[in-house]
Each structure stands twice: as C-alpha cells, then as structure tokens.
Number of protein chains: 2
Amino acid sequence: MPIKLKKISTNAPAKLDKEKTALKTAKMLAELDDLQNLLFAEGKHALLIVLQGMDASGKDGAISNVFGKLNPQGVTVKSFKVPTKEELSHDFLWRIHATAPAKGMIQVFNRSHYEDILVTRVHKWCDDKTAKKRMSAINDFEKLLTEHGNTHILKFYLHISPEEQQQRLQERTHDPKKMWKYNENDLAEAKLWKTYMKMYEACFAACNKIPWHIIPADQNWYKEYLITNHVFNLLKGLNMKYPTLPPASK
Amino acid sequence: MPIKLKKISTNAPAKLDKEKTALKTAKMLAELDDLQNLLFAEGKHALLIVLQGMDASGKDGAISNVFGKLNPQGVTVKSFKVPTKEELSHDFLWRIHATAPAKGMIQVFNRSHYEDILVTRVHKWCDDKTAKKRMSAINDFEKLLTEHGNTHILKFYLHISPEEQQQRLQERTHDPKKMWKYNENDLAEAKLWKTYMKMYEACFAACNKIPWHIIPADQNWYKEYLITNHVFNLLKGLNMKYPTLPPASK
C-alpha cells in the first residue's frame, strides 16, 4: 500500500513514557557498540544508513545521538550538499557510489541520492521522465550494493509536522547555538511543503524494494529510540562471529 | 545471433592493402585529434572504451598507437589489475564506477569489469549463479553511464588466434624489449584457451545491450584501423559544436 504521509502521526504514541523509552535506547546503544565492533572485526557485512527528511527534521541530531555513540573508526558520515562541478560531470550516482561503505563499516548518508528525485523535482530542475529513469537507476544501484557488496541498507524518513518545522526554524533565528544552521532559503523551502510531501511519496512508491522506515520525529527521544531499534535489530539478526586465530597460531 | 568466435576470422581480409589501410588510419587519427578537442571543449559527452582480449592480443599496442596519438589532457587510461584488499571490500563495480569518464573525456579501460565474469569464471572463483547476477549488474551499470552520464561506450574484443598468441608469448622470452611483459602464468593461462572462449561468448551474449565489436587482431595495422574507425565514426556522429562566447563578451 502506498505511503501517505498525512495519515501517519509525527508524534510518539501518547501512552509511551519518555524516560523509560530513553533508558531503553541507552541500553540498546551500549549493546550496539559491541555489535558494531563485531561488524568491524568480522568484516563481512556493510551497513548503509540513508537519512532523509525536511529541513530541521532532526537528521543531525539523530547522527550525533545514535551513530555518535559508536566507535568512529567503524562509522563514517557523508553529508551530500549541492553537487560540485566535477560531480555534475558524471552520472548522479557517481559521487554516491564512491562513498558506499566497505565491508565492516557503517556509513551514514546525511541526505543522499534521493535528493536527485526530491529537491530537483520540487524546483523542476528534473522533469518527470528523467525522474522516472533516475528511480529505476536508484533501484538498480541499491540492488548492486545489496547483492554484490553485502551491504544492508536502512532508509529512514524523519517525519515531522510543518508546525514543528516552523518552530525549529524560528529557534535558529534566536538560539545562539543554532544560528549557524540558519539559511535564508529555509523559509522559502518550507512554503513548498506540500510539493515536497508529494515528491517524497512518489519516491517511497518507486524505490521500495528496500523498504522506507517512516520515523515520527516531532519528539527527538522517540525518533532516536526507533532508529536505534532498527539498527540494533538488523545487526543482531546478522549472526556475526568474531574471527578466531588460524589453526597454526593456536 | 550469438557471437561464435571460432567462426570469425582473426585476420585482415586477404585483399586489403596494408600500406593503404595504414594511411587511412593515419588520416583518421589526424581528424580524430580535432574531434577529441571538440569533445573536450564542448564537455557534453563522455566516451568510454572497453578493451578486452587474451594475453598478447595487442591491447597495449592499440592504446599506444590509437589513443596515444590524442591529447593526453583529454584521454586517460585505466588498467585493471587484480583487485586490492580495499577494492574487494566493496561491490565489484565500485572501482570501475570511480574511474568512469567525466563529460568531455575519453577513458580507456585496459581490461575492465568484464574480468569479473571472465578470468574469475575460468578459474571457478565465481560460480554460474553469481556470474549471472554480475552480468545483470553490468547491464544496469552500463545503462546508468549511458542514460545519466551521457557516456558513449565502445566495447572491443581483440580477436587473435591461439597460434598468434603462442608466437607473441614466445617473443616475450627472447626480445629484450618485451621480456618485461613476460609472466610465468601466461603459458598456463594459454592452455585454458577454450574455456576463455566459452566465457567470452557467454559475456557477449549476456551483456549485449551495448554491442561488442569483435576486432580481428592478428595484424596490428588492421586492428588499429578498425578501432580508429569505430571511434572516429562515433565522435563524428555526435554533431558536436564549439561553445561560443556568451553574448556579453562579444
């Protein structure tokens, strides 16, 4: 069934206790630290985290509060900005593929190849026909990473309400610790909310061979719990083992 | 119709005059030099040359005698050797994609991603099921470069006879200028000729969306003529134009 963002709450369930949930997250993160070490030591699987969401949806916070708790030797973050001239002289997946994770590594994409069918479509830099071809190329590319790079891909959409976004953008205009994130385009972009939602839904529908996880993100503690939980369950399910010494060394 | 290498001559047509053909090649190469400059200046198209062939089939000679005549600022060569540990920690196309040509450039692959369904299959490092998946991934990848990178791909198989190969490998054992190319594995590999031919034919059949050009290569002058001709016709057909100055500068 296609994902309809309007029908999905951006809030944590009312009954859920914030403190208890945060404690669960902390416990999982401690175990995740071990699992990530195992991933690194075994070197058989790669993990790619795709983080998408509107401005101020909490991508940076998720990175620092979840992935920031793990050993940075095995976890890298790539933030995708406006493509450089060199990047534009290649196909749109060239710069993405170059930073795909090696086996043993967790790579976090802060924004990703999906921007090539999101912001570009909202602003009509990319027509529908090109978008359709890009979606097909993205599916092929994710299949390549999965089948030939033993890469597990977790795709998260941080789902906030437009009201929550407005509040967070306002904070950037007067909180001295947040002003550096202020961008004069943010308010203009926010007005395109409905178009963004439409383009997001189109990309969830077309690129769903690897499922999207819609993360209610108006409360950071709930968002962090959900992301941690997905990563934890995935790594736990890999049944990884520490390599032992070769027979001769025993 | 599937390509059957045994049914294709490795020789130049008997009637063809060597000197006249070489003259034609030289003339085309002079024009090609201009066309490559135009490709570089216009910066809209990329050209990828895939050179495959058995040991001693003349890949290095084709590179030096055809592409070596062009401006090296716009022509690069990538020789693919046994993958490094870092390369092996990614999907097999990771190192290939990284060296795909930018718009305006000619990139020559001396061996290529096809080795991942050739040498690997001959030595049974890659089973049939994996090979099939790789073929599908290669088709997707070449489509990506073509559709999204505006890359034109010319795939050449340098077709020599096993007798010609033997003679060339022998030369490496006593010609002081060729000894550096001698590899003690070459003779063992040559014994696997039939298996190689089978695997080449399988890859021509599975990855033919972009056609393979089978180049009779027992005579270098004929091989160089054919390759030059293919590249020349392709670039000529692009109807490229030098960019003019923007109106304000005129």
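A brief look at the structure comes next. The model shown is predicted, which means the values in this text are computed figures rather than measured ones.

1. A look at the relation of the copies chain A and chain B
Here is step 1: The operation relating chain A to chain B is a screw motion whose rotation component is 180 degrees, with 0.0 Å of axial translation and a residual RMSD of 0.0 Å. The two molecules are tied by a two-fold rotation axis, judged by turn and shift.
Here is step 2: Taken as a fraction of all interface residues of chain A, those also at the interface in chain B reach 96%, which identifies the copy contact as same-surface.

2. Some points on the pattern of salt bridges
Residue and element names in this part refer to chain A.
Here is step 1: Counted by the stated rule, this structure contains 22 salt bridges over all chains.
Here is step 2: With a shortest N-O distance of 2.9 Å, E142 and K155 are connected by a salt bridge. Remark: K155 occurs in strand 4 (residues 151-159) and E142 occurs in helix 6 (residues 128-148); sequence separation between them is 13 residues.
Here is step 3: Take E142: its relative accessible area is 3%, and that puts it in the buried class.

3. Structural notes on unusual backbone geometry
Excluding glycine, most residues fall at negative phi; most peptide bonds, likewise, are trans.
Here is step 1: Backbone geometry at R111 of chain A places phi at a positive 65 degrees, although glycine is not the residue there.
Here is step 2: By the secondary structure assignment, R111 of chain A is in the loop between strand 3 (106-110) and helix 5 (119-122).

4. Points about the interface of chain A and chain B
Here is step 1: The interface of chain A with chain B comprises 25 residues on the first partner and 24 residues on the second.
Here is step 2: Carbon and sulfur atoms supply 55% of the area that chain A and chain B bury against each other, a total of about 1900 Å² over both sides.
Here is step 3: Connecting chain A to chain B are zero salt bridges.
Here is step 4: Here chain A is connected to chain B by 16 residue pairs in polar contact (both at pLDDT 80 or more).
Here is step 5: If you list the elements that add at least two residues to the side of chain A that touches chain B, you get helix 4 (94-98) and helix 6 of chain A.
Here is step 6: In terms of residue count, helix 6 of chain A provides more of the side of chain A that touches chain B than any other element does, eleven residues in total.
Here is step 7: Residues belonging to the side of chain A that touches chain B are distributed by class as follows: eleven nonpolar, seven polar and seven charged.

5. Here we look at the nonpolar core
Here is step 1: With 71 residues, the main nonpolar core has I49, F67, I227 and L235 of chain B as its most contacted residues.
Here is step 2: The element contributing the most residues to this core is helix 10 (residues 220-236) of chain B, with nine residues.
Here is step 3: When near neighbours in sequence (up to four residues on either side) are disregarded, I49 of chain B contacts F67, I106, Q107, V108, F109, L154, F156 and V231 of chain B.
Here is step 4: Core analysis: the next-biggest nonpolar cluster, separate from the first, contains 70 residues, V122, W193, W212 and I227 of chain A among them.

6. So, the pairing of strand 5 (residues 212-216) of chain A
Residue and element names in this part refer to chain A.
Here is step 1: Here strand 5 lies mainly inside the structure; five of its five residues are buried.
Here is step 2: For strand 4 and strand 5, the ladder comprises five bridges, and the chain directions are parallel. Within strand 5, the residue paired with Y157 across the bridge is I214.

Cut-offs applied
- Residues numbered from 1 in each chain as written.
- Chains lettered and ligands numbered in written order.
- Predicted model: local features only at pLDDT ≥ 70, side-chain atom pairs only at ≥ 80, totals over all residues.
- Heavy atoms only, no water.
- Least-squares fit on C-alpha atoms with pLDDT ≥ 70 in both.
- Contact = heavy atoms within 4.5 Å.
- Salt bridge = Lys/Arg side-chain N within 4 Å of Asp/Glu carboxyl O.
- Helix = DSSP H or I, 4+ residues; strand = E, 2+ residues; numbered from the N terminus.
- Buried < 20%, exposed > 50% of the residue type's maximum accessible area, 1.4 Å probe, protein only.
- Buried area = accessible area lost by both parts, 1.4 Å probe.
- Polar contact = N/O pair within 3.5 Å; in protein donor to acceptor, adjacent residues only side chain to side chain.
- Nonpolar A, V, L, I, M, F, W, Y, C, P; charged D, E, K, R; others polar.
- Core = buried A, V, L, I, M, F, W, Y, C linked by side-chain atoms within 4.5 Å.
- Pairing = 2+ DSSP bridges.

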